[in-house]
Amino acid sequence: MTTSDAHDLVTPEDVVLMQGLAQRIVASHPKFINPDASFGELAWIWGKGHLAWRSSWPKRLWFDAEGRLVAWGWAQLPFHVVRADGTEKDVTDISLAFQVHPDHQELVDEVIAWFESITPTDVDRRVIMQSNDAYGLARWAAHGYPPDPEAENDWTRQNIRKLDDIDTPTLPEGYRLRTAAEVGHDAAAQAHVQAWWPSSTTVEMYQGLQGTATYRPDLHVVVEAPDGTMAASAIGWLDELNRAVEFEPVGTHREHRRLGLAQAAMLQGMLLAKQAGAVEATVVCVGTPDSGALPLYEGIGFQEYTRDVTLLKPATKNAD
């Protein structure tokens with residue numbers, strides 16, 4: 001077993017390796033993919049954030065004797081956020097995205113040890129992982145990371161459906177289904193910024209996303225309003241190995257909601273992904289009953305597949 005240096009920063013090449021591990025796990029142990037470690041989520045997190053926050057993203061990689069990535073950790077240290085409306089925020093806690101191949105569970109303790117070696121004890125530390133990973137949950141608990149009681153009503157679930165029978169998308173009069181390949185990078189970026197206003201993601205950051213290795217503008221669906229506004233957006237990430245598409249993110253402009261635009265974008269995205277070879281689709285949303293996205297996804301055939309759990313090791317206060 002070999003590892004990378006303990007304080008290296010995440011690179012585009014690392015993300016491709018991590019996506020490769022995700023593909024291998026989906027092929028053999030599909031319910032063990034951690035929420036921040038899926039094929040599409042990795043591309044999304046790296047793409048939208050690396051221009052602004054990469055300096056706070058140390059990583060460590062573990063390789064087997066054949067040189068294959070079998071585990072990784074990606075820490076996200078405190079950072080400063082400037083939103084589109086000019087407001088600012090300091091993110092002061094620390095989180096970890098990680099993945100260990102189920103055939104190498106002995107590495108979970110090494111990931112934990114590395115994470116704790118590079119992070120201070122006087123800051124809250126959070127980890128999100130699959131709730132059905134009994135071994136991993138037990139090991140994290142042994143190191144002082146129980147489930148976060150404040151996150152009991154703030155968990156997410158992965159939803160899945162087959163791409164056999166897909167309804168034809170419909171839109172209100174004057175709205176049109178387009179792709180980022182047709183409208184261009186700037187317009188597609190604006191669709192996201194407006195959907196999550198006041199987003200901390202800028203047009204420049206979104207252009208960084210569009211430069212990631214697995215981004216496909218022909219699978220990035222947008223809805224154009226009659227006045228030319230990009231009113232909704234859904235990005236499809238195609239895992240060709242497993243013939244699956246993951247949608248992340250999906251959003252609607254705040255002035256064009258409750259018109260069925262996100263549903264139409266998702267249906268169109270599934271049709272395009274099916275044409276590209278996908279046979280199933282996944283999407284993640286908040287899983288609590290008051291989630292606004294659940295009716296959307298369940299209404300177009302998605303069902304719960306897995307759910308996550310947030311672990312928290314509270315900050316240790318230094319003695320006076």
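Residues numbered from 1 in each chain as written. Predicted model: local features only at pLDDT ≥ 70, side-chain atom pairs only at ≥ 80, totals over all residues. Heavy atoms only, no water.

By the naming in an unreviewed UniProt entry, the chain is GNAT family N-acetyltransferase, taken from Streptacidiphilus cavernicola.

Draft legend 1. How the structure looks around the overall build of the chain. When helices and strands are tallied, the chain shows 9 helices and 14 strands. For the chain, whose C-alpha radius of gyration is 20 Å, the value lies close to the compact-globule estimate of 20 Å for 320 residues. Counting only C-alpha atoms, the chain reaches 65 × 45 × 35 Å along its principal axes. By the burial criterion, 52% of the 320 residues in the chain qualify as buried. Look at the contacts in the chain between residues 6 or more apart in sequence, and 72% of them connect residues 24 or more apart. When the accessible surface of the chain is totalled, it reaches about 14400 Å², and 49% of it is carbon and sulfur. Here the chain contributes 26 positive and 45 negative side-chain charges, whose respective centroids are spaced 2 Å apart. (Helix = DSSP H or I, 4+ residues; strand = E, 2+ residues; numbered from the N terminus. Rg over C-alpha atoms; globule rule 2.2 N^0.38 Å. Buried < 20%, exposed > 50% of the residue type's maximum accessible area, 1.4 Å probe, protein only. Contact = heavy atoms within 4.5 Å. Areas by Shrake-Rupley, 256 points an atom, 1.4 Å probe, with all protein chains shown as cover. Lys, Arg positive; Asp, Glu negative; His and termini not counted. Charge placed at Lys NZ, Arg CZ, Asp CG, Glu CD.)

Draft legend 2. Up close: the sheet that holds strand S7 (residues 125–130). Taken in spatial order, the 12 strands make up an open sheet running S1-S2-S3-S6-S7-S14-S8-S13-S12-S11-S10-S9, and their pairing is mixed. Bordering the open sheet on either side are strand S1 (2–3) and strand S9 (176–179), each of which pairs with just one other strand. Here strand S2 (residues 59–63) pairs with strand S3 (residues 69–76) via 5 bridges, running antiparallel. Its bridge partner lying in S3, Lys59 is registered against Trp74. Across the sheet, helix H1 (residues 12–28) is in contact with S2, S3, strand S6 (94–100) and strand S11 (230–239); its angle to S3 comes to roughly 125°. Of the strands in this sheet, strand S10 (220–224), S11 and strand S12 (244–252) touch helix H6 (residues 185–195), which is tilted by about 110° from S11. (Pairing = 2+ DSSP bridges. Axes fitted to C-alpha atoms, helices over the stretch in contact; angles between N-to-C directions.)

Draft legend 3. Structural view of the pairing of strand S14 (residues 303–313). In the sheet, S7 pairs with S14 via 6 bridges, with the strands oriented antiparallel. By the bridge assignment, Gln130 is partnered in S14 with Asp308. Sheet topology places strand S8 (residues 156–162) next to S14; 4 bridges connect them, and they run antiparallel. By the bridge assignment for S14, Gln158 is matched with Thr306.

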